[in-house]
Amino acid sequence: MVFDSQGKLMSGQNGKKLNKEAKYFIISDAHVGTHNSRDFCNYSKLVPFLKDVYMNTHAVLILNGDFFDFSRSAKTHVIEKNPEIFDLLSELEKNERLIKIKGNHDSSINGEKQLSLNNSILVLHGDIFERTTCLFPWLKVFLDWGISIVETVFKTHINRLLKKIFGYDRVSRRGIKIETKALEYLKNHPQYQAIIVGHSHTPKSDGKYHNSGCFTETNADYIEITDTNIQLKSY
């Protein structure tokens, strides 16, 4: 059981939003932080979603990378600021209903690099399909540092800023690149029938390629897997 700060049992959702027949729910890129001006996590949807998974389903929750954002804030501070979220994850883990996959913003977590479901579905964060992240990790650190400064000064997300000032849709372009690389990878690994990634914050479910989107700003995307289907949904 999970209790709130006053010791009362937390109430779940009404159970109508999530499919009780689901075997797995997959989310990514919530970027849980410290609730400061550079924190864009959609807590208003994330916390109810986690409660709903825990209290109203029997499914396994897969965190497909960058659920936390330890590049913007120290890990200890993130834990300190989000006791409810960590309590829910702890309860899921105790019941063997939580699988964590590392992303480029939370690579220090105790998790997997990738996961094979039913020997046919490959689940991984997707940052390996981005050349700067994969080949030049030091450059990625430098870019993250620069982005953090810009976001602090302008108090808005870098993607929104680039689109507003320069008309550059960074999210869409990254999404296309990740999808192309992921499908190439799948073609070279025919043992898998489908691939599920995150990283680009671009939700999509099309044939063999699936992207779990994000839980930032107004997004609340997740992948639902049943015995017969993979489906992208919004909470």
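Before reading further, recall that the structure is shown in the block above.
Residues numbered from 1 in each chain as written. Predicted model: local features only at pLDDT ≥ 70, side-chain atom pairs only at ≥ 80, totals over all residues. Heavy atoms only, no water.

Caption draft 1: Region of the structure containing unusual backbone geometry. Here the phi dihedral of Glu96 falls at roughly 55°; this positive angle occurs in a residue that is not glycine. With respect to the helices and strands, Glu96 occurs in the loop between helix H3 (83–94) and strand S3 (98–101). The exposed category is assigned to Glu96, whose relative accessible area is 70%. The backbone phi angle of Asn118 is positive, close to 55°, even though this residue is not glycine. Topologically, Asn118 is positioned in the loop between strand S4 (114–117) and strand S5 (121–124). (Helix = DSSP H or I, 4+ residues; strand = E, 2+ residues; numbered from the N terminus. Buried < 20%, exposed > 50% of the residue type's maximum accessible area, 1.4 Å probe, protein only.)

Caption draft 2: Representation of the side chain of His201. Inspection of the secondary structure assignment puts His201 in the loop between strand S6 (194–197) and strand S7 (204–206). With relative accessibility at 15%, the residue His201 sits in the buried group. Among the polar contacts listed, one links the side chain of His201 to the side chain of Asp29, at a separation of 3.3 Å. Among the polar contacts made by the side chain of His201, one reaches the side chain of His31 at a distance of 3.2 Å. (Polar contact = N/O pair within 3.5 Å; in protein donor to acceptor, adjacent residues only side chain to side chain.)

Caption draft 3: The sheet that holds strand S10 (residues 230–234), seen in detail. Judged by pairing direction, the sheet is mixed, and its 5 strands sit side by side in the order S3-S2-S1-S9-S10 without closing on themselves. Two strands lie at the open edges of the sheet, namely S3 and S10, each paired on one side alone. Mean inter-strand twist for the sheet, computed between neighbouring axes without regard to direction, equals 20°. Along the sheet, helix H1 (residues 43–56) contacts strand S1 (24–27), strand S2 (60–64) and strand S9 (221–225); its crossing angle with S1, the most-contacted strand, is approximately 160°. The strands touched by H3 are S2 and S3; relative to S3, the strand with the most contacts, the crossing angle is about 115°. (Pairing = 2+ DSSP bridges. Axes fitted to C-alpha atoms, helices over the stretch in contact; angles between N-to-C directions. Contact = heavy atoms within 4.5 Å.)

Caption draft 4: Seen up close, the packing of aromatic side chains. Summed over the entire model, instances satisfying the criterion amount to 9 aromatic pairs. A ring pair is formed by Phe49 and Tyr235, whose centres lie 5.3 Å apart and whose planes are at 85°; its orientation type is edge-to-face. One end of the pair, Phe49, is in helix H1; the other, Tyr235, is in the segment after S10, with 186 residues separating them in the sequence. An aromatic cluster of three or more residues is present, and its members are Phe25, Phe49, Phe215, Tyr222 and Tyr235. For the cation-ring pair, Lys17 lies above Tyr235, with the distance from its terminal atom to the ring centre recorded as 4.8 Å. (Phe/Tyr/Trp six-rings, centres within 6.5 Å; stacked < 30°, edge-to-face > 60°. Lys NZ or Arg CZ within 6 Å of the ring centre and 35° of its normal.)

Caption draft 5: Up close: H1. For H1, spanning 14 residues, the distance from its first C-alpha to its last is 19 Å, which sits close to the expected 20 Å at 1.5 Å a residue. Here H1 lies mainly inside the structure; 10 of its 14 residues are buried. Taken residue by residue, H1 has Tyr43, Leu46, Val47, Pro48, Phe49, Leu50, Lys51, Asp52, Val53 and Tyr54 as its buried positions. The inward-facing, buried residues of H1 contact S1, S2, H3 and S9. (Expected span 1.5 Å × (residues − 1).)

Caption draft 6: The arrangement of the sheet that holds strand S8 (residues 209–211) in detail. Read from one edge of the open sheet, 5 strands run S4-S5-S6-S8-S7, paired in mixed fashion. Here the strands that pair on one side only, and so sit at the sheet edges, are S4 and S7. Averaged over all pairs of adjacent strands, the angle between their axes in this sheet comes to 15°, without regard to strand direction. Looking at chain direction, S7 and S8 are connected through 3 bridges and run antiparallel.

Caption draft 7: Spotlight on the pairing of S2. Across the 5 residues of S2, 5 count as buried, placing the element largely inside the fold. Residues Val60, Ile62 and Asn64 of S2 are buried on one face, and the alternating residues Leu61 and Leu63, pointing to the opposite face, are buried as well. Taken together, the 4 bridges between S1 and S2 define a ladder with parallel strand orientation. When the sheet's bridge partners are listed, Phe25 is paired in S2 with Leu61. Each parallel crossover has a hand, and the one from S1 via H1 to S2 is right-handed. By the bridge criterion, 4 bridges tie S2 to S3 in an arrangement that is parallel. Residue pairing across strands places Leu61 opposite Leu98, the latter belonging to S3. (Right-handed = clockwise from strand over helix to strand, strands pointing away.)

Caption draft 8: Region of interest: the pairing of S4. Along S4, the buried face is formed by Leu115 and Leu117; none of Gln114 and Ser116, which line the opposite face, is buried. Pairing geometry for S4 and S5, over 4 bridges, is antiparallel. Each bridged residue has a counterpart across the sheet, and for Leu117 the counterpart in S5 is Ile121. What sits between S4 and S5 in their antiparallel hairpin is a turn of 3 residues, with Asn118 showing a positive phi close to 55°.

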